[in-house]
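Single-letter residue listing:
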Amino acid sequence: MIGKWFRRKKEIKTPESEDSQAINEPEIKLEPEKVDLTNTESRLSYITHLYDEIRDAKQQCEDAKFEYGQATSYLKDIQLIDNAEPEERKVLREIAQGIHDLNKERNRIQKQKYKITDGQRQALDTHEDRIDGDLQRIKESEDYLIKVKNDLRQLTSEKNMLLNDENEIIQKQGLLRVLTKSVAIISIAMLALIITVYYCFKVDIVYPFLGLIAFIFISLVFIVLESRKNRIDMAMTQQKCNRAITLLNRVKIKYVNTFHVIEAIVNRYSVRNGMELDFVYSQYRKAKAEWNRQQESTKVLAKYNQVLVHELQKLGVKDREIWFYQAEALVDDREMVEVRHRLNTQRQSMRQRLDYNADVMEKCLNEMEKIREKNQQYREDVENILKEKL
């Protein structure tokens, strides 16, 4: 966790490294769900769904708070270093310069054969004990994200299709109203014509009258049957549409949380995706086999590190070991500015993640409370599910 905010160097200015950060948080808005609470199965399923979303959002909030606290702690350490006395800062610069020069020389040798940046190497050094797990997680998350995207497209298409079906049914019902008015007008006109012919010419109007009655009866039967069919189709279509919206909201939440998992890993290792991380890690393992043979400067570097820890301890710095991998920031003020900027950016990202999941949790809690307030049976259903889950 330490190095993901302290690992990037000046190579972030190159086009390739800029591409590795070209990952933007998706704007996902949840749509209101329509659930038939009078149906026991639908109601219990919906309450369970709300509980699951609250639980998942709470876990996401706790993770975001933890990482936000770490970033804040690192920023406080930087402030302590910035406020150090000139003599103390001078000692820090000299020690850090020695560490930086040793690392620079070793890195120069190491980079001759292997395609791996300083930032990636520092991140892998820091997180070597968790890289296998992160590599597995990002591969699984990327595969899952593809499935989620396909589900989003499919569910969105299904929802739009159902909405189009609703519009078509509404149009059909409108045509039936027009047809009803037309039949009424035609019937009145024909009746008036039959009566006029009868009084003017004294002819037999029984058959015309029966024909008019048959026309009206057939028209009404057709209109009634079609109207009933439209009502049935509309009810079924709305039920399917509500179901599609419910599934769509669930998939959207999964999409956002899976995206954040991938974002955290690619930012941690300065890569663009799992494939690049796999390649970089393979390069790192090959290079490390050679680096292990280059230990002539290890003792000197260890001594520098001990002195650096001692000096930082006198300043009250809490996380001292991280500066082994970011010695340049103690030498170059511009690099320290970049470190501070990355920490502030990370805190903002965690704040957005926290706000998003807090909003999800609040909406689910409000929805559950609304259900509880409807009647006693709904209240008991909510309490029973909470007892079962807790």
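Residues numbered from 1 in each chain as written. Predicted model: local features only at pLDDT ≥ 70, side-chain atom pairs only at ≥ 80, totals over all residues. Heavy atoms only, no water.

### Here we look at helix H6 (residues 206-269)
A rise of 1.5 Å per residue sets the reference length of H6, with its 64 residues, at 94 Å; its end C-alpha atoms lie 93 Å apart and thus fit the reference within 8%. Remark: Ser270 follows H6 within two positions and exhibits a positive phi of approximately 55 degrees. (Helix = DSSP H or I, 4+ residues; strand = E, 2+ residues; numbered from the N terminus. Expected span 1.5 Å × (residues − 1).)

### Overview of the environment of Glu383
As for its position among the elements, Glu383 is in helix H11 (residues 376-389). Taking relative accessible area as the criterion, Glu383 reaches 31% and is therefore assigned partly exposed. Once the C-alpha coordinates of Glu383 and Leu124 are considered, the two residues, 259 residues apart in sequence, prove to be 48 Å apart. (Buried < 20%, exposed > 50% of the residue type's maximum accessible area, 1.4 Å probe, protein only.)

### Describing the packing of helix H5 (residues 131-201) against H6
At a minimum axis distance of 5 Å, the contact between H5 and H6 shows a crossing angle of 165 degrees. Considering the angle they form, H5 stands roughly antiparallel to H6. Seen along the crossing, H5 lies across H6 with a hand that is left-handed. Here the residues of the contact of H5 with H6 sort into 39 nonpolar, eleven polar and 15 charged. (Axes fitted to C-alpha atoms, helices over the stretch in contact; angles between N-to-C directions. Parallel < 35°, antiparallel > 145°, perpendicular 65-115°, else oblique. Left-handed = near helix turned anticlockwise from the far one by under 90°. Nonpolar A, V, L, I, M, F, W, Y, C, P; charged D, E, K, R; others polar.)

### Some words on H11
Here H11 contains 14 residues, and its C-alpha end-to-end distance of 20 Å stays within 8% of the 20 Å for a straight helix at 1.5 Å per residue. The set of residues buried in H11 consists of Tyr378, Asp381, Val382 and Ile385. Take H11 and look down its axis: the buried residues cluster within an arc of 95 degrees, on one side only. In this fold, the buried residues of H11 make contact with helix H2 (40-82) and helix H10 (333-374). For H11, the N-terminal capping position is held by Asn375, with its side-chain oxygen 3.0 Å away from the main-chain nitrogen of Gln377. (Arc of directions from axis to C-beta. Contact = heavy atoms within 4.5 Å. Polar contact = N/O pair within 3.5 Å; in protein donor to acceptor, adjacent residues only side chain to side chain.)

### Section: a nonpolar patch on the surface
On the surface, Leu191, Ile195, Tyr198, Tyr199, Val206, Tyr207, Phe209, Leu210 and Ile213 cluster together into a nonpolar patch covering about 910 Å² of accessible area. For the nonpolar patch, the secondary structure elements donating two or more residues are H5 and H6. Along the chain, the position of Leu191 falls in helix H5. Judged by its relative accessible area of 33%, Leu191 falls in the partly exposed class. (Patch = residues over 30% accessible without salt bridge, like charges linked within 9 Å, V, L, I, M, F, W, Y side chains within 5 Å. Areas by Shrake-Rupley, 256 points an atom, 1.4 Å probe, with all protein chains shown as cover. Salt bridge = Lys/Arg side-chain N within 4 Å of Asp/Glu carboxyl O.)

### Things to note about the nonpolar core
By size, the foremost hydrophobic cluster in this structure holds 26 residues, and its most contacted members are Ile81, Leu308, Leu312, Trp323, Leu330, Met336 and Leu343. In contact with Met336, other than residues within four places in its own chain, are Ile78, Ile81, Asp82, Trp323, Ala329 and Leu330. Counting 25 residues, the second largest nonpolar core, distinct from the first, contains Tyr114, Ile116, Val148 and Ala287. (Core = buried A, V, L, I, M, F, W, Y, C linked by side-chain atoms within 4.5 Å.)

### So, the pattern of salt bridges
Evaluation of the coordinates by the stated rule reveals 23 salt bridges. Residue Arg89 is joined to Asp82 by a salt bridge in which the shortest nitrogen-to-oxygen separation is 3.9 Å. On the basis of relative accessible area, Asp82 is assigned to the partly exposed category, the value being 29%. Its salt-bridge partner being Asp134, residue Arg268 comes within 3.1 Å of it at the nearest N-O pair. With Arg268 in helix H6 and Asp134 in helix H5, this residue pair connects regions lying 134 residues apart in the sequence. We classify Asp134 as buried; its relative accessible area is 2%. Taken together, the shared-partner salt bridges in this structure form one network comprising Asp82, Arg89, Arg93, Asp333 and Arg340.

### Quick notes on unusual backbone geometry
The phi torsion of most residues other than glycine is negative, and most of the peptide bonds are trans. Backbone geometry at Ser270 places phi at a positive 55 degrees, although glycine is not the residue there. Mapping Ser270 onto the fold places it in the loop between H6 and helix H7 (274-291). Judged by relative accessible area, which is 10%, Ser270 ranks as buried.

### Concerning the state of the cysteines
Applying the stated criterion across every chain yields a total of zero disulfides. Of the cysteine sulfurs around Cys364, a residue in no disulfide, the closest is that of Cys61, at 11 Å. (Disulfide = S-S within 2.5 Å.)

### Concerning the packing of aromatic side chains
Enumeration according to the criterion identifies one aromatic pair in this entry. Where Tyr281 meets Tyr284, the ring centres are 6.5 Å apart and the plane angle is 20 degrees; that geometry is what we call stacked. Here Tyr284 and Tyr281 lie together in helix H7, a separation of three residues that amounts to about one turn. Per residue, the accessibility class of Tyr281 equals that of Tyr284, and both read buried. In this structure, Arg285 is placed above the aromatic ring of Tyr281, and the distance from its NZ or CZ to the ring centre is 4.6 Å. (Phe/Tyr/Trp six-rings, centres within 6.5 Å; stacked < 30°, edge-to-face > 60°. Lys NZ or Arg CZ within 6 Å of the ring centre and 35° of its normal.)

### Observations concerning the confidence of the model for the protein
Of the residues in the protein, 91% reach a pLDDT of 70 or more, and the chain-wide mean stands at 82. Least confident of the elements in the protein is helix H1 (residues 15-20), whose mean pLDDT is 36; most confident is H10, at 88. Contacts for the low-pLDDT stretch residues 1-23, under 50 throughout, to residues beyond four places or in other chains number 80 contacts. (pLDDT = per-residue confidence, 0-100.)

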